[in-house]
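A look at the structure
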Amino acid sequence: VSITDGTTAGRLKTRADVEFTVKGQLYRKAATDDLWNLSGETDTIAALGFDSLSVLDLIYEIQQTFQVELEAKEIVKVRTVGDLITLLEKNIKPA
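Residues numbered from 1 in each chain as written. Predicted model: local features only at pLDDT ≥ 70, side-chain atom pairs only at ≥ 80, totals over all residues. Heavy atoms only, no water.

Considering the overall build of the chain
A tally of helices and strands in the chain yields 4 helices and 2 strands. In the chain, the succession of helices and strands from N to C terminus is β-β-α-α-α-α. Within the chain, buried positions represent 36% of all 95 residues. Relative to all contacts within the chain whose residues are 6 or more apart in sequence, the contacts with residues 24 or more apart total 54%. Split by element, the accessible area of the chain, about 5800 Å² in all, is 53% carbon and sulfur. (Helix = DSSP H or I, 4+ residues; strand = E, 2+ residues; numbered from the N terminus. Buried < 20%, exposed > 50% of the residue type's maximum accessible area, 1.4 Å probe, protein only. Contact = heavy atoms within 4.5 Å. Areas by Shrake-Rupley, 256 points an atom, 1.4 Å probe, with all protein chains shown as cover.)

This is the structure:
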């Protein structure tokens, strides 16, 4: 699967590229650096120090970065980093 994000028009992105971008945003917004060496797709976003308000801020930034609008009913199902990456893959238009 290759996708394009809105910030780099025409540049193809793989799941690994989306994961790298999402993890970068998570890292910048995280309340703690302590768990970053353990972060993976199965880690919960809450375990990385995010509360409900910081999750909303994170989702807003991700929507801006990838130029997508995520449905609230989909967002509430996101528990892990992998869930978030999968949700983005479903919503980003193929290149």
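So much for the structure itself; the text now carries on.
Some points on the layout of surface pockets
Looking at the largest pocket, its volume works out to about 230 Å³. The greatest single-element share of the lining of the largest pocket, amounting to 4 residues, is contributed by helix α2 (residues 52-66). (1 Å grid on protein atoms, 1.4 Å probe; cavity = no way out; pocket = protein on both sides within 12 Å on 5 of 7 lines; lining within 4 Å. Points joined across faces, edges and corners; volume = space filled by probe spheres on them.)

Some details on the environment of T65
Relative to the assigned elements, T65 resides in helix α2. By relative accessible area, which is 15% here, T65 ends up buried. Distance in space between the C-alpha atoms of T65 and V22 is 9.5 Å, their sequence separation being 43 residues. A polar atom in the side chain of T65 sits 2.5 Å from the side chain of Q25. (Polar contact = N/O pair within 3.5 Å; in protein donor to acceptor, adjacent residues only side chain to side chain.)

Quick word on the confidence of the model for the chain
Residues with a pLDDT of 70 or more make up 76% of the chain, whose mean pLDDT is 79. Helix α3 (residues 72-75) holds the highest mean pLDDT among the elements of the chain, 93, whereas strand β1 (residues 3-4) holds the lowest, 48. Every residue in residues 1-10 scores below 50 in pLDDT, and together they form 31 contacts with partners more than four places removed in sequence or on other chains. (pLDDT = per-residue confidence, 0-100.)

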